Amino acid sequence: MLKFLAHRLIHALISLLVITVIVFSLSHLSGNPIDAMLPDDATPQQIEDLTRHLGLDRPILVQYLTFLQNAAVGDFGDSLKWKGQTAAQVVLERMPATLQLGGLALLISVVVAIPLGVLAAVYKNTIFDATATVIALLGQSLPAFWLGIVLMWIFAVTLGWLPTSGHGGLSHMILPAISMAWFQISALTRLTRSAMLEVLDAEYIKLARVKGVREQQVIWKHAFRNAAIVPITYFGVLAGSLLTGSVVIETVFNWPGTGWLAITAIQGRDFPVVQTVVLFFAVLFLLANFVVDVLYALIDPRIRNA
Amino acid sequence: MFNRIPFLRRFPVIPVAILLVVLIIPAFFATWIAPHDPYTSNLRARLVPPVGFGGSWDYPLGTDRLGRCMLSRILHGAKYALGISMIGIVLGAVVGTVLGLISGYLRGWVDVFIMRLVDITFALPSILLALALAAISGPSFSLVVIVVVFVIWGFFARQVRAETLSMRERDFVAKARVAGASDTRIVLKYILPNIANTIIVLATLQIGVVIILEASLSFLGIGIPRPAPAWGLLVADGRQLIVSNWWISLFPGLAILLTVLSVNLLGDRLRDWLDPKLRQV
């Protein structure tokens, strides 16, 4: 098991390294940062000083290694838009808001999707199954940003039950979290359903039933535990798409998290902040996938004992 | 009745009809069927509600803030949805298929390298790549195509590689090799035709994903540049006005929903028909 995990960890680190190369090259394609940092009437002397200060006159490989060195300790330079703060500070400040929203969305998806998927499989071809099918189909076809706007229109504008947008308590989080969760619900329901169907067909389930085990126990203890491995593998992907989803949904609802920050930073040409967001998201995503690998190894004896 | 005509039974009529009405016919003929020019504003008819909600048949789906006909804008927007998805998917499929074939056929370190590349592209959040690119060049048609290719090539590469791995062990490939066929010939003549169905099904299943991706990027202002009436941009226009003028966001979004829904229904059918083993993908 340790060998398996070490292998996965090395893979994750290589991915991270390549991502830093991509981010670094993109920041070099983004034009001369000097122009953005100095006023238009800067003297050649000022430009030269700043270029040397930022190390932009050195060979590209040296610049990359410096970038890597700084990134390793969380130093991504100063934000250009939010004066007086480093990029890492700006991003970290917004992180809790994103994690709150993403966490709630994740919670909603699991609480809705797992029972629905199980019910759809157990009561195949009934109302549960039909509901699951419709949700799965709609989830894949609804653009999240539009769903957010429609929910806002119905529940905030027309009915007046919830606030339209902005940051605040739980009431502010409900609509964005549902919009973010919608797609995940559909994917997770479908996965759970098909995994359960497969397991329910297995011999040991029939045996349990023949032995006279109660139906509830057959479903949740015998079948679900074995089927759960499929949804768990999906959690890595889920974490990633929740992060990506946050960019869209935070923009729709003016939720001041990292996703919203990325869009605002782009508009303000604040490249250090954009860079930091991209790297943060990549790290979070790789971390989530690594946790999935660990869980996977813990659950599946074939890997655990390998 | 459908049972007597196998083609109709296999080929669902409703999704095809929706697609024709919402996407394909408008994409080619918007200029002739749209009641107004999508860019011409009529300042005396700003924010007119749709017919049945206080509007008239002059503007069946109402008008936007500048008095532009929403129906005409949505009809003209279809060509962006169709164009981007076609160009992006064809390019993504070609890149993914070529690399998947190389990966599965050559194996060894080339295979490891290409598959690692797939993992990495899956690890980089696509919208952030788009943001970074948009910061450099501003929103553009080619930016959307690059992001689409980036997002989908990996699916093709993985699937094609897996099938190539199993194909290359088949008897007919071994026989072709014994007969002296070159590697290129084996791949193009013996392996590729056998996995073509998979590629077609995968491409169809990606159309919906790509249309939503394009719409999302445009919505965020980093996709199709204004003033093109791309559906995502139309929804974004309405976002600020949702409190008072709901129709501006509602109808373009509905067009996206109907299109993607029918493409997905169609893709499912196509998969069951051409390549049932892809069910898990």
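Residues numbered from 1 in each chain as written. Chains lettered and ligands numbered in written order. Predicted model: local features only at pLDDT ≥ 70, side-chain atom pairs only at ≥ 80, totals over all residues. Heavy atoms only, no water.

As annotated in an unreviewed UniProt entry, chain B is ABC transporter permease from Pseudotabrizicola sediminis. Taken verbatim from the UniProt record of chain B, the Sequence similarities (unreviewed entry) comment is "Belongs to the binding-protein-dependent transport system permease family." The UniProt entry for chain B carries the following comment under Subcellular location (unreviewed entry): "Cell membrane". (UniProt positions renumbered as here; feature names shortened; annotations may be inferred.)

Chain A has the name ABC transporter permease in an unreviewed UniProt entry, where Pseudotabrizicola sediminis is given as its organism.

With respect to the overall build of chain B
Counting its regular elements, chain B contains ten helices and zero strands. Its helices and strands in sequence order give chain B the pattern α-α-α-α-α-α-α-α-α-α, from N to C terminus. Overall, chain B is about 75 × 55 × 30 Å in size when its C-alpha atoms are taken along their principal axes. Counting over 281 residues, chain B shows a buried share of 56%. Long-range pairs, those at least 24 residues apart, make up 71% of the contacts in chain B with a sequence separation of at least 6. Accessible area for chain B stands at about 12,700 Å²; split by element, carbon and sulfur atoms hold 66% of it. (Helix = DSSP H or I, 4+ residues; strand = E, 2+ residues; numbered from the N terminus. Buried < 20%, exposed > 50% of the residue type's maximum accessible area, 1.4 Å probe, protein only. Contact = heavy atoms within 4.5 Å. Areas by Shrake-Rupley, 256 points an atom, 1.4 Å probe, with all protein chains shown as cover.)

So, the packing of helix H3 (residues 70–106) of chain B against helix H8 (residues 183–219) of chain B
All names here are of chain B. At a minimum axis distance of 8 Å, the contact between H3 and H8 shows a crossing angle of 145°. The way H3 lies across H8 gives a crossing that is right-handed. Looking at the contact of H3 with H8 residue by residue, the classes come out as 17 nonpolar, three polar and two charged. (Axes fitted to C-alpha atoms, helices over the stretch in contact; angles between N-to-C directions. Left-handed = near helix turned anticlockwise from the far one by under 90°. Nonpolar A, V, L, I, M, F, W, Y, C, P; charged D, E, K, R; others polar.)

Some remarks on the interface of chain B and chain A
When the parts of a complex come together, some accessible area is lost, and that lost area is often used as the size of the interface. In this assembly, 37 residues from chain B lie in contact with 43 residues from chain A. Buried area between chain B and chain A, both sides added, is near 3,700 Å², and the carbon and sulfur share of it is 80%. The tally of links between chain B and chain A comes to zero salt bridges. Every element with two or more residues in the side of chain B that touches chain A is listed here: helix H4 (108–123), helix H5 (126–137), H8, helix H9 (231–239) and helix H10 (247–274) of chain B. (Buried area = accessible area lost by both parts, 1.4 Å probe. Salt bridge = Lys/Arg side-chain N within 4 Å of Asp/Glu carboxyl O.)

Some points on the packing of aromatic side chains
All names here are of chain A. Considering all chains together, one arrives at 13 aromatic pairs over all chains under this definition. With a centroid separation of 6.4 Å and 35° between ring planes, the pair formed by Tyr-64 and Phe-67 is classed as tilted. Here Tyr-64 pairs with Phe-67, and both are found in helix H4 (residues 60–72), just three residues apart, close to one helical turn. Classification of Tyr-64 by relative accessible area gives buried; the value is 12%. Using a relative accessible area of 12% as the deciding quantity, one classes Phe-67 as buried. With 6.0 Å between their ring centres and 45° between their planes, Phe-155 and Trp-161 make a pair best called tilted. (Phe/Tyr/Trp six-rings, centres within 6.5 Å; stacked < 30°, edge-to-face > 60°.)

Brief notes about unusual backbone geometry
Of note, the bond from Arg226(B) into Pro227(B) is cis; its omega dihedral lies within 30 degrees of zero at 5°. Mapped onto the fold, Pro227(B) is located in the loop between H8 and H9. Its identity as a non-glycine residue notwithstanding, Asn254(A) has a phi of 50°, on the positive side. On the secondary structure map, Asn254(A) appears in the loop between helix H11 (229–252) and helix H12 (258–267). Since its relative accessible area comes to 39%, Asn254(A) is described here as partly exposed. Even without glycine at this site, Arg107(B) takes up a positive phi of about 50°. Along the chain, Arg107(B) turns up in the loop between H3 and H4.

Remarks on H11(A)
Note on helix geometry: an α-helix contains 3.6 residues per turn, so any two residues three or four positions apart are oriented the same way. All names here are of chain A. Taking 1.5 Å of rise per residue, the 24 residues of H11 would be expected to cover 34 Å, and the 34 Å separating its terminal C-alpha atoms lies within 8% of that figure. Of all the bends in H11, the greatest, near 35°, is centred on Gly-236. In terms of residue burial, H11 counts as a mostly covered element, since 17 of its 24 residues are buried. (Expected span 1.5 Å × (residues − 1). Bend = angle between axes of the 7 residues up to and from the residue.)

With respect to the domain arrangement of chain A
All names here are of chain A. One can read the domain layout of chain A as domain 1 (2–72) and domain 2 (91–304). The C-alpha centroid of domain 2 is placed 34 Å from the C-alpha centroid of domain 1. Taken together, the contact pairs 14 residues of domain 1 with 13 residues of domain 2. On the domain 1 side of the contact with domain 2, Phe-4, Leu-5 and Val-23 bury the most area, a combined 35% of that side's loss. Here domain 1 and domain 2 share one salt bridge between them. A salt bridge links Arg-8 to Asp-293; its shortest N-O distance comes to 3.0 Å. Viewed at the interface, domain 2 and domain 1 are joined by one residue pair in polar contact (both at pLDDT 80 or more). For the side of domain 1 that touches domain 2, the class distribution of residues is nine nonpolar, four polar and one charged. (Domains from an automatic or database assignment. Polar contact = N/O pair within 3.5 Å; in protein donor to acceptor, adjacent residues only side chain to side chain.)

A short note on the nonpolar core
Buried together is how nonpolar side chains tend to be arranged in soluble globular proteins. Phe145(A), Val273(A), Val147(B) and Trp231(B) are the most contacted members of the largest nonpolar core, which has 142 residues in total. Here this core takes 15 residues from H8(B), the largest share from any one element. When residues are assigned to domains, this core turns out to be shared by domain 1 (2–72) and domain 2 (91–304) of chain A, each giving three or more. Aside from chain neighbours lying at most four places away, what touches Val147(B) is Ser126(B), Leu129(B), Ala130(B), Leu133(B), Leu213(B) and Leu217(B). The next biggest cluster of nonpolar side chains, apart from the first, holds 16 residues, and it includes Ala121(A), Ile205(A), Phe224(A) and Ala227(A). (Core = buried A, V, L, I, M, F, W, Y, C linked by side-chain atoms within 4.5 Å.)

A few points about the UniProt feature "transmembrane region" (unreviewed entry) in chain A
Under the local residue numbering, the UniProt record ascribes the feature "transmembrane region" (unreviewed entry) to residues 9–29, 101–123, 144–163, 169–188, 228–253 and 273–299 of chain A. Along residues 144–163 of chain A the backbone is 75% helical and 0% strand, and the end-to-end C-alpha distance reaches 18 Å.

Focus on the UniProt feature "transmembrane region" (unreviewed entry) in chain B
Residue and element names in this part refer to chain B. Taking the numbering used here, the UniProt-annotated feature "transmembrane region" (unreviewed entry) corresponds to residues 12–34, 80–106, 113–135, 141–160, 199–224 and 244–267. Secondary structure across residues 80–106 divides into 100% helix and 0% strand, with the first and last C-alpha atoms of the span separated by 38 Å. The span residues 199–224 carries 81% helix and 0% strand; its end-to-end C-alpha distance comes to 27 Å.

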